Every structure is written in structure tokens, then in C-alpha cells.
Amino acid sequence: MIQALSGQLLLGLINGSFYALLSLGLAIIFGLLNVVNFAHGALYMMGAFAAWFALERLGIGYGWALLLAPAAVGLVGVVVERVMLRRLRGLDPIYGLLLTFGLALIAEGLFHQAYGNSGQSYPVPEALRGGVRLPFMYLPIYRAWVVAVSIVVCAAAWFVIEKTKLGAYLRAGTENPRLLQAFGVNVPLLFTVTYGFGVALAAFAGVMAAPIYQVQPLMGSSLVIVVFAVVVIGGMGSIAGSIVTGIGIGLVEGFTKFFYPEASAVVVFAVMALVLLVRPAGLFGRER
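Conventions and cut-offs
- Residues numbered from 1 in each chain as written.
- Predicted model: local features only at pLDDT ≥ 70, side-chain atom pairs only at ≥ 80, totals over all residues.
- Heavy atoms only, no water.
- Helix = DSSP H or I, 4+ residues; strand = E, 2+ residues; numbered from the N terminus.
- Rg over C-alpha atoms; globule rule 2.2 N^0.38 Å.
- Buried < 20%, exposed > 50% of the residue type's maximum accessible area, 1.4 Å probe, protein only.
- Contact = heavy atoms within 4.5 Å.
- Areas by Shrake-Rupley, 256 points an atom, 1.4 Å probe, with all protein chains shown as cover.
- Lys, Arg positive; Asp, Glu negative; His and termini not counted.
- Charge placed at Lys NZ, Arg CZ, Asp CG, Glu CD.
- Core = buried A, V, L, I, M, F, W, Y, C linked by side-chain atoms within 4.5 Å.
- Salt bridge = Lys/Arg side-chain N within 4 Å of Asp/Glu carboxyl O.
- 1 Å grid on protein atoms, 1.4 Å probe; cavity = no way out; pocket = protein on both sides within 12 Å on 5 of 7 lines; lining within 4 Å.
- Points joined across faces, edges and corners; volume = space filled by probe spheres on them.
- Nonpolar A, V, L, I, M, F, W, Y, C, P; charged D, E, K, R; others polar.
- Phe/Tyr/Trp six-rings, centres within 6.5 Å; stacked < 30°, edge-to-face > 60°.
- Expected span 1.5 Å × (residues − 1).
- Polar contact = N/O pair within 3.5 Å; in protein donor to acceptor, adjacent residues only side chain to side chain.
- Axes fitted to C-alpha atoms, helices over the stretch in contact; angles between N-to-C directions.
- Parallel < 35°, antiparallel > 145°, perpendicular 65-115°, else oblique.
- Left-handed = near helix turned anticlockwise from the far one by under 90°.

Broken down by element type, the chain carries eleven helices and two strands. Listing every helix and strand of the chain by position from the N terminus yields α-α-α-α-β-β-α-α-α-α-α-α-α. Computed over the C-alpha atoms, the radius of gyration of the chain is 19 Å, within 12% of the 19 Å expected from 2.2 N^0.38 for a compact globule of 288 residues. Judged by the C-alpha coordinates and their principal axes, the chain covers about 60 × 50 × 35 Å. Within the chain, the proportion of its 288 residues that are buried is 46%. When contacts within the chain are restricted to residue pairs at least 6 apart in sequence, those whose partners lie at least 24 apart make up 78%. When the accessible surface of the chain is split by element, carbon and sulfur atoms take 68% of a total near 14,000 Å². Averaging the positions of the 16 positive and the 10 negative side-chain charges in the chain gives two centres separated by 8 Å.

The structure is reproduced here in C-alpha cells:
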């Protein structure tokens, strides 16, 4: 029983690591740009496909893919922000949501046309294969790597945004961009870089997910709904809330799969409804 519970908690922790990375990117984009980025799941999928394409067609391995795929998808995000989203700044967030939803459908449709639904396999890197036999479970090395790297990346992003001068500029840009620009800061460039960074986080999660899940066009479409629920629970725009809630929801799903598997697919939405009834701004959000 303990071994089965540990296995489910490990699975939940892995899912929670992806939730944390994806919801962190969403929280950064919404909190600093006021854009509800519904294309986040498609960008996660593009990161996984970029890693697969780099390996299969260019011979570029996993280590370089962790750097190059997020950078490439991040550049796509920069173009989207400069060409499309910038024109919607100052308007109701629903316009950004509709635009990014349309972009997600286009991206998924193009990849589906090119690769179909069967999915592509991505091998676990040789250095991270195998596992460790613990007293109560078998721990695959790659899955431990995913959890550790996700925590480090999320902690680093939180530190940059909350504790550095750059983060102070980003937060000031959301409160009073005109005043910040009067002090000589290039606010439009700051917003572009912010969107590109949030997109790169989604692609980074996609690269790490490639050896675990099948790389296929719809891999992000169902995940993004759960991630949006995680962001709402943590508080829209809350960096710490997205990280803590993402990992916490993954563990809650793991517990639920062990004790009552039928409810595991909806437990996150039940938690979201309960949190919104008690605290409409989310666990870590601020009332406006």
C-alpha cells in the first residue's frame, strides 16, 4: 500500500512540476502584461516538438534542446507580442484571450496536419536513464531530474521578479508604465521580453515533458485548462501562488488517484470552486 501511494505521489509531483512551470509563465504574462495567454498549451507543445525535431533532423541532443528550444519558441512569442498583442494593450483582456485562443487553434491545426495524432517518441537522455531503489519505491532518475529542475527554475524566476532591480522595473511597469518610461526605461521592450520569457518557460516545460509523454499536437490542449485552474487557485498574477499551487495540486491529484481514482480528473476544479467561494482573489492573490 505504501509503495502504491508513493508511486501516485511521485506521479502527482511530476505533474505538479509541469503545472508549476506552466502556471508560472501564465502568471508572469498576466500579472505584468494583463494578457490571458490561451496559447500557452500550444507553446508547450511547440517546445516538445522543437526538441524532437532537433534530435531527429539535426542530431541535437537533450542538453542543447533545453536551451535552444525555449529560445526558439521564445522568439516566436516576441514576434507575436510585437506584431499582434501590442495592438491590444489597454483594451479588455478578453481580446487577448480570443487572439491567443485563435493562435493556439492555428498552431495545433498546423502540427496535426504535419504529424497526425499518433505522436512521436523522444528517448530519455542516456545520462538520466535508470533509477534508484528506495525502501518504499523505485525512483526513476529522469523523473527526479524533472522535479528538481522545475523547482530550481521556478525559484530562480521568483527571485528575479521579486528581489532584483529588473523585477522592480517589471512590477512598476504594470502599475504606471508612463511614469516608468519617463525615467528612461524602454517599457515596450520590457513587455516584449516579459512575454518572450513566459513563452520560453512553457517551451522549457515541453522539452522536459518530451521523454515522459508522447510528443503530439494536442498534448497541451487539455493540460492548459488545468493550468488555468491552478493560476486561478493561486491568484491571477501571483508568482509565488502559481508555483506553490502548481506543485500542491499535483500532489492532491496523486492522493485522489490512490484513494478515489474516478475523481482525479475533476479534483482540481472542485478545489478551484471551493477556493473561489472562500477567497475570490485566490490563495495568494490580492483583492482589487
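With 80 residues, the main nonpolar core has F18, L24, Y44, Y62, Y122, M208 and V215 as its most contacted residues. Counting residues per element, this core draws most heavily on helix α1 (residues 2–33), at 15 residues.

What follows concerns the pattern of salt bridges. Summed over all chains, the structure comprises two salt bridges. Across the pair E81 and R86 runs a salt bridge whose closest N-O atoms are separated by 3.5 Å. Overall, R86 belongs to the partly exposed group, its relative accessible area being 25%. Across the pair E81 and R89 runs a salt bridge whose closest N-O atoms are separated by 2.4 Å.

Let us look at the layout of surface pockets. A volume near 300 Å³ is recorded for the second largest pocket. Lining the second largest pocket we find 14 residues, and of these N15, Y19, Y213, S222 and L223 sit closest to its centre. Elements with a minimum of two residues in the lining of the second largest pocket: α1, α9 (221–234) and α10 (239–259). The dominant element in the lining of the second largest pocket, judged by the number of residues it contributes, is α1, at four residues. Here the lining of the second largest pocket is composed, by residue class, of nine nonpolar, three polar and two charged.

A few words on the packing of aromatic side chains. For the structure on display, the rule yields twelve aromatic pairs. Between F258 and F259, the aromatic rings sit 4.9 Å apart at their centres with planes inclined by 90°, giving edge-to-face as the arrangement. Among the aromatic side chains, those forming a connected cluster through ring pairs are F49, W52, F111 and Y115.

Even without glycine at this site, N34 takes up a positive phi of about 60°. Among the structural elements, N34 can be located in the loop between α1 and α2 (40–58). The class of N34 is partly exposed, set by a relative accessible area of 36%.

Summarising the element assignment, P93 is placed in helix α4 (residues 93–115). Remark: the alpha-carbon pair of P93 and S264, spanning 171 residues in sequence, is separated by 31 Å. In contact with P93, other than residues within four places in its own chain, are N34 and V36.

Taking 1.5 Å per residue as the helical rise, α2 with its 19 residues ought to reach 27 Å, and the 26 Å between its terminal C-alpha atoms agrees with that figure. Looking at the residues trailing α2, positive phi occurs at G59, about 75°.

As a further point, take helix α8 (residues 187–209). Spanning 23 residues, α8 covers 33 Å between terminal C-alpha atoms, matching the ideal 33 Å at 1.5 Å per step. Counting buried positions over the 23 residues of α8 gives 19, a clear majority of the element. Of the residues that open α8, the one with a side-chain oxygen 3.2 Å from the backbone nitrogen of L189 is N186.

For the rest of this paragraph, the subject is the packing of α1 against α9. Put simply, α1 and α9 touch, their axes get as near as 9 Å, and they point 70° apart. Classified by the angle between their axes, α1 and α9 sit roughly perpendicular to one another. In the packing of α1 onto α9, the handedness of the crossing is right-handed. Counting all contacts with α1, which are made through Y19, L22, S23 and L26, the residues of α9 involved are L223, V226, V227, F228, V230 and V231. Across the contact of α1 with α9, the residue classes tally to nine nonpolar, one polar and no charged.

Attention shifts here to the packing of helix α5 (residues 141–163) against α10. Packing of α5 against α10 brings their axes to within 10 Å, and their N-to-C directions diverge by 165°. Between α5 and α10, the interaxial angle falls into the category roughly antiparallel. Of the two elements, α5 crosses α10, and the hand of that crossing is left-handed. In this structure, α5 uses I151, C154, W158, I161 and E162 to contact α10, whose residues at the interface are I239, A240, I243 and I247. Residue composition of the contact of α5 with α10, by class: eight nonpolar, no polar and one charged.

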